[in-house]
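These are the residues of each chain, in order.
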Amino acid sequence: MSKIKSLEIKIGLEVHCQLTNLKTKLFCSCSSDYRGKEPNTLICPICMGMPGTLPVLNEKALEDAIMVALALNSKISERMLFFRKNYFYPDMPKNFQISQYDKAGGVPFALGGYIQINGKKVRIRRIQLEEDPGKLSYDGTIESSNHTLVDYNRAGIALIEIVTEPDMETPKEARLFLEKLRSILEHLNVSDGSLEGSMRCDANISLKGGKRVEVKNISSFKEVERALNFEITRQKNLVLRGMVIGQETRHWDETRRITVSLRMKEEEQDYRYFPEPDLVPIIIPRERIKEIEQKMPELPDERRKRFIEQYNLSPQSAEILTRSKAMADFFEESVKIYGNPKEISNWMIGELSSYLNEKSIEIDELTLTSKQLVDLIKLIDEGVISRKMAKSVLQDMLLTGKMAGDIVKEKGLEKILDKEYIGSIVEKILKENPQAVKDAIFDKKAMNYLMGQLMKKTEGKIDPKMASEVLRKRLSELAKFITP
Ligand code: ZN
Ligand code: MN
């Protein structure tokens, strides 16, 4: 580990996020709701780049992008330009992508900014607005497939591209950055990270003394940490053997969980960037930005602070609970119906989070609702089940989707609270263990043995407080008849 550290890892990310809350594509009126649709049905002459057609900017997309830039503390350009990025690839029906450019007179939508992760600022270099290419599907992997299918339904979907400075030093920081970004976008209600392919990421990694290696095709946040760990180990091994890391583009093979060399990176001049002649420069009025600024929703950092104040949570708990919008929403819904934030937070951060980590899923992928969790906690409060029992009931709930009450009934897990019944079991135990009874009268420690027997006989369902009361009372009665 120390050797890896001395190699000074620098990680930068380029994230493409679809603006999923739009009805139409970025420059035409085709539906943006392309998931699960028949391939190549949501297309028109504009997004297919037919001669004589003209793109028109989706105004809602610009508004959503303004919210993102404000949330990331970026400076929004007063006048932005679209550029053509030319390249020949089957996913690109027009042979160019309408994108933006930060050189040669290009003005991207926004510059600068940062996202805070664990008290550290990860700087944003730029944010741009561009269209998504189509989607290629391979038969198996990109290397083994002997044909490629193309679906243009995705071509023209609005994307924001967010490029960071190489400020991250570990794969974990990269994951935290992406989680935070997703949480911000979801709080803004501009992008739903749970939709397949809505957030995609390329990473560049360099070790001290080596060139920058770009890893493409990281399709989900969960894969980022894995891909980066692989790539760092690969580069580290090269460095330790005295080899030089050259600049290249690699592809993350999700199936084999390795990166493979794909092609030498295109040089910027290969893209032959030039201003998109079909779109006029876009002026972004300052008053419009102010208006949007005033109705910005609460963001994760503010929500975290509010959780600490309003619910009296520790900073760590508040941090975990606001890492995703779904998590924070689940928490607040539960508090609304039950009103014991501490208890709910404990269950969510403890049992629930370890289950989510283990299965590598998000909280909104569960069938469990906040009401169901609260029902479980209520069963503990009412003394129906023990805390320990509740943990196993929760596991059952997560696996089967059943309600807590039903599981408790089905499995007969109710705590035994009937005093008369407890008395009869105590009698039985005393009769079965005469020696232990004698010992227990003069040695308090021996009472634990009898308690253990009681638990065993009732499979842990007896209420320990009641049981020990009854037991103690009986023993003191018996003491009158027994002499040491
Ligand atoms: Zn179209
Ligand atoms: Mn891009």
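Rules behind the numbers
Residues numbered from 1 in each chain as written. Chains lettered and ligands numbered in written order. Predicted model: local features only at pLDDT ≥ 70, side-chain atom pairs only at ≥ 80, totals over all residues. Heavy atoms only, no water. Helix = DSSP H or I, 4+ residues; strand = E, 2+ residues; numbered from the N terminus. Polar contact = N/O pair within 3.5 Å; in protein donor to acceptor, adjacent residues only side chain to side chain. Donors = N, O, S within 2.8 Å, 3.2 Å for Na, K, Ca; no water. Buried < 20%, exposed > 50% of the residue type's maximum accessible area, 1.4 Å probe, protein only. Axes fitted to C-alpha atoms, helices over the stretch in contact; angles between N-to-C directions. Parallel < 35°, antiparallel > 145°, perpendicular 65-115°, else oblique. Left-handed = near helix turned anticlockwise from the far one by under 90°. Contact = heavy atoms within 4.5 Å. Nonpolar A, V, L, I, M, F, W, Y, C, P; charged D, E, K, R; others polar. Pairing = 2+ DSSP bridges. Expected span 1.5 Å × (residues − 1). Arc of directions from axis to C-beta.

(A) The arrangement of the side chain of K94 in detail. Topologically, K94 is positioned in the loop between β4 (83–86) and β5 (96–99). A polar atom in the side chain of K94 sits 2.7 Å from the side chain of E131.

(B) Layout of the coordination of the manganese ion (ligand 2). Around the manganese ion (ligand 2), the donor atoms from the protein are H16 (NE2), E130 (OE) and E161 (OE), and they sit 2.0 to 2.2 Å away. Look at where the donors of the manganese ion (ligand 2) fall in the sequence and you get H-x113-E-x30-E. You can see E130 sitting in strand β8 (residues 120–131) and its partner E161 sitting in strand β11 (residues 158–164), a full 31 residues away along the chain. With respect to class, E130 is no different from E161; both count as buried.

(C) Highlighting the coordination of the zinc ion (ligand 1). All of the protein donors around the zinc ion (ligand 1) are C28 (SG), C30 (SG), C44 (SG) and C47 (SG); their distances to the metal are 2.3 to 2.4 Å. Sequence spacing of the donor residues for the zinc ion (ligand 1), all on one chain, is C-x1-C-x13-C-x2-C. Just as C28 is buried, C30 falls in that class too.

(D) Expanded view of the packing of helix α10 (residues 370–381) against helix α11 (residues 387–400). Two elements in contact, α10 and α11, have axes separated by 10 Å at closest approach and are oriented at 155°. The angle between α10 and α11 falls in the class roughly antiparallel. When you trace α10 past α11, the crossing you get is right-handed. Two secondary-structure elements touch here, α10 through Q372, L373, L376 and I380 and α11 through R387, A390, V393, L394 and M397. Grouping the amino acids of the contact of α10 with α11 by side-chain chemistry returns seven nonpolar, one polar and one charged.

(E) Expanded view of the pairing of strand β13 (residues 213–218). Looking at chain direction, strand β12 (residues 199–206) and β13 are connected through four bridges and run antiparallel. Opposite I205, over in β13, you have V213 as the bridge partner. With antiparallel pairing between neighbouring strands as the criterion, β12 and β13 make up a hairpin whose turn holds six residues, including G209 at a positive phi of roughly 90°. Summarising the sheet, β13 and strand β14 (residues 248–253) pair through four bridges and their orientation is parallel. Among the inter-strand pairings, V215 is bridged to a residue of β14, identified as R250.

(F) Representation of helix α15 (residues 444–457) in the model. Here α15 spans 21 Å end to end across 14 residues, near enough to the 20 Å set by a 1.5 Å rise per residue. Listed in full, the buried residues belonging to α15 are A446, M447, L450, M451 and L454. Taken down its axis, α15 places every buried residue within 160° of arc, on the same side. Every exposed residue of α15 that faces more than 90 degrees away from the buried side is listed here: K445, N448 and K456. For α15, the secondary structure elements touched by its buried residues are α13 (419–432), α14 (434–442) and α16 (464–479).

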